[in-house]
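# Fold and contact review
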Amino acid sequence: MSMNSQGRPTRSEGAEMNAAQETFTGNRALILEEKLIFESGSIDRTGIDLPAAPDAPSKLGGLERTVDIGLPGLSESETVRHYTRLSRQNYGIDLGFFPLGSCTMKHNPRLNEKMARLPGFADIHPLQPQQTVQGAYRVIDELADWLKTLTGMPAVAMSPKAGAHGELCGVLAIRSALEARGDAREVILVPESAHGTNPATAAFAGYKVEDIPATKEGRVDLDALVARLGPDVAGVMITNPNTCGLFERDMKKISDAVHAAGGFVYCDGANFNAIVGKVRPGDLGIDAMHINLHKTFSTPHGGGGPGSGPVVFSQALAPYAPLPFVEKQGEEYRLVEEENAEEHHASSFGRMVAFHGQMGMFTRALTYMLSHGADGLKQVSEDAVLNANYILRSLEDVLDAPFAPSGPCMHEALFSDKGFADGFSTLDLAKGLIDEGFHPMTMYFPLVVHGAMLIEPTETESKDAIDEFVGALRHVVSAAKAGDANLKAAPHHAPRRRLDETMAARKPVLVYKDSEAAT
Ligand SMILES: *Cc1c(COP(=O)(O)O)cnc(C)c1O
């Protein structure tokens with residue numbers, strides 16, 4: 001079967017695919033076939049009539065565009081339909097189960113959205129006079145208070161815009177603290193199960209990255225770590241709970257050993273959903289940790305919205321935290337910025353963002369916290385862990401679960417592709433799940449497990465939803481073990497078959513096919 005440039009079977013070839021399902025249009029019932037927008041429009045048509053531009057001398061000094069940029073001309077109704085049809089082909093947390101491990105794809109309560117859209121929050125501008133945005137500052141300050149309380153840490157930087165950005169914030173604070181004592185350390189240690197952003201962050205901040213091995217049971221090898229500590233080690237970056245879905249029980253011992261060797265402890269807190277209300281990272285000797293508000297505190301992410309990655313700090317790192325931040329003085333909130341930082345925040349490493357961070361996410365996260373309350377947040381983590389263990393125990397008889405003998409998992413369950421028929425992989429399993437109407441789990445991460453499948457149900461899935469997923473997965477696993485050729489060709493029922501993912505990434509079609517700019 002040949003494909004057109006977008007990997008879609010052309011209409012006449014639809015017949016080869018499945019004669020019984022062929023339609024003239026390519027549509028199937030009310031699932032509508034969708035062309036690229038460049039294929040639907042044409043550059044010589046337009047959806048709106050603009051008056052001819054008056055002849056005016058150009059102010060661009062010879063930098064005017066000389067070729068057509070090739071934007072397709074479409075009417076308003078054609079444009080609306082195009083994007084509405086595409087949105088119907090998009091899978092999201094509001095449609096069904098989204099078991100991406102490490103991503104904490106939980107339901108986003110609508111109350112959060114309602115609060116974030118209040119004009120007093122949604123319509124303000126970061127350059128407004130401070131007296132006119134006191135309410136927004138109060139939200140930032142109260143959220144900061146909750147984060148410090150939940151983590152048992154004395155300080156927090158609210159401005160980082162995502163987890164990875166928070167990591168950079170933490171590592172830059174570590175660098176400043178070391179520089180302040182004239183200590184030029186060069187190495188950051190990262191466990192081999194770490195999220196890719198950890199070594200990337202350390203390298204971006206100018207450090208050499210060295211791996212720490214994992215034990216057979218999926219935790220950091222404490223002895224190997226302690227053996228590597230020395231005067232060249234600036235710190236460690238450890239994810240807890242880790243990406244194998246396990247709590248690092250030696251965390252306090254690790255922190256004590258790193259501190260004794262003069263280094264700092266960064267914790268990747270992306271998996272905080274498993275321990276919020278149960279464990280305070282401050283009690284584990286952590287110096288800096290980012291919190292993905294968009295994971296633990298339910299604000300939409302992925303295709304659904306921006307992230308937010310506040311970083312909590314220990315007393316030792318707090319003086320180096322970035323600007324700006326909100327501070328309460330009497331009944332007033334004010335900003336501490338470059339102009340007034342001298343008074344009590346002179347060692348700040350600087351600024352990471354122009355303004356204060358993601359206001360909309362702050363409002364959603366605080367709404368989530370206030371509506372759950374402290375007891376509710378504790379129940380969130382307990383239910384998330386219960387659901388993950390239910391998945392682990394419901395699948396371990398058919399899927400290899402290398403760390404199942406290590407005891408209960410935290411918020412996510414990890415499986416490998418061991419036992420699949422020759423030539424069958426985790427990718428085939430994922431494609432089969434799409435046919436079953438499920439977004440696949442996280443695949444091939446963490447790297448410590450062959451063909452890894454990392455499943456995180458979160459606390460917001462019902463037992464029925466999880467049972468249905470488990471049933472579908474068991475069905476697809478038996479096909480992978482039996483070497484079922486049908487699975488190799490999945491998905492059969494999605495709008496597209498298997499795409500050439502490399503081509504899609506390397507040679508995306510971004511311009512109108514006939515435009516000069518395309519050549
Ligand atoms: C999601 C995640 C990150 C990165 O967070 P972003 O908000 O996507 O930048 C880092 N580490 C782990 C373990 C994660 O799950």
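### Focus: the sheet that holds strand 7 (residues 311-313)
- With mixed pairing, the seven strands of this open sheet are ordered in space as 1-7-6-5-4-2-3. Taken across any chain shown, the strands that pair with only one partner, and hence form the sheet edges, are strand 1 (155-157) and strand 3 (208-212). Pairs of neighbouring strands in the sheet enclose a mean axial angle of 25°, with direction left out of account.
- Note that strand 2 (residues 187-191) and strand 4 (residues 233-239) share three bridges and pair parallel. From the neighbouring strand, Leu189 faces strand 4, where its bridge partner is Val236.

### Observations regarding the domain arrangement of the protein chain
- Annotation of the protein chain at the domain level lists domain 1 (111-368) and domain 2 (375-505).
- With centres defined by C-alpha atoms, the gap from domain 1 to domain 2 works out at 30 Å.
- With 27 residues of domain 1 in contact, the opposing surface of domain 2 contributes 20 residues.
- Counting each side, the surface lost to burial between domain 1 and domain 2 is near 1900 Å², with a carbon and sulfur contribution of 64%.
- Where domain 1 packs against domain 2, one counts one salt bridge.
- Lys278 is paired through a salt bridge with Glu382; the nearest N and O atoms lie 2.6 Å apart.
- Inspection of the domain 1/domain 2 interface yields seven residue pairs in polar contact (both at pLDDT 80 or more).
- Residues of the side of domain 1 that touches domain 2, tallied by class, amount to twelve nonpolar, nine polar and six charged.

### Examining the site of the ligand
- Close to the ligand lie Ser102, Ala162, Gly163, Ala164, Glu167, His195, Thr197, Asp268, Ala270, Asn292, His294 and Lys295, which account for all nearby residues.
- A distance of 2.7 Å is found between an oxygen atom of the ligand and a side-chain nitrogen or oxygen belonging to Ser102.
- The separation between an oxygen atom of the ligand and a polar side-chain atom of Asn292 is 3.0 Å.
- Relative to its free-state accessible area of 380 Å², the ligand is covered by the protein chains to the extent of 86%.
- Residue assignment for the shell around the ligand shows that the elements contributing at least two residues are helix 7 (163-180) and helix 11 (293-296).
- Residue contributions to the shell around the ligand peak at three residues, all from helix 7.
- Among the residues forming the shell around the ligand, the class breakdown is three nonpolar, six polar and three charged.

Rules used in this analysis
- Residues numbered from 1 in each chain as written.
- Predicted model: local features only at pLDDT ≥ 70, side-chain atom pairs only at ≥ 80, totals over all residues.
- Heavy atoms only, no water.
- Pairing = 2+ DSSP bridges.
- Helix = DSSP H or I, 4+ residues; strand = E, 2+ residues; numbered from the N terminus.
- Axes fitted to C-alpha atoms, helices over the stretch in contact; angles between N-to-C directions.
- Domains from an automatic or database assignment.
- Contact = heavy atoms within 4.5 Å.
- Buried area = accessible area lost by both parts, 1.4 Å probe.
- Salt bridge = Lys/Arg side-chain N within 4 Å of Asp/Glu carboxyl O.
- Polar contact = N/O pair within 3.5 Å; in protein donor to acceptor, adjacent residues only side chain to side chain.
- Nonpolar A, V, L, I, M, F, W, Y, C, P; charged D, E, K, R; others polar.
- Near = heavy atom within 4 Å.
- Areas by Shrake-Rupley, 256 points an atom, 1.4 Å probe, with all protein chains shown as cover.

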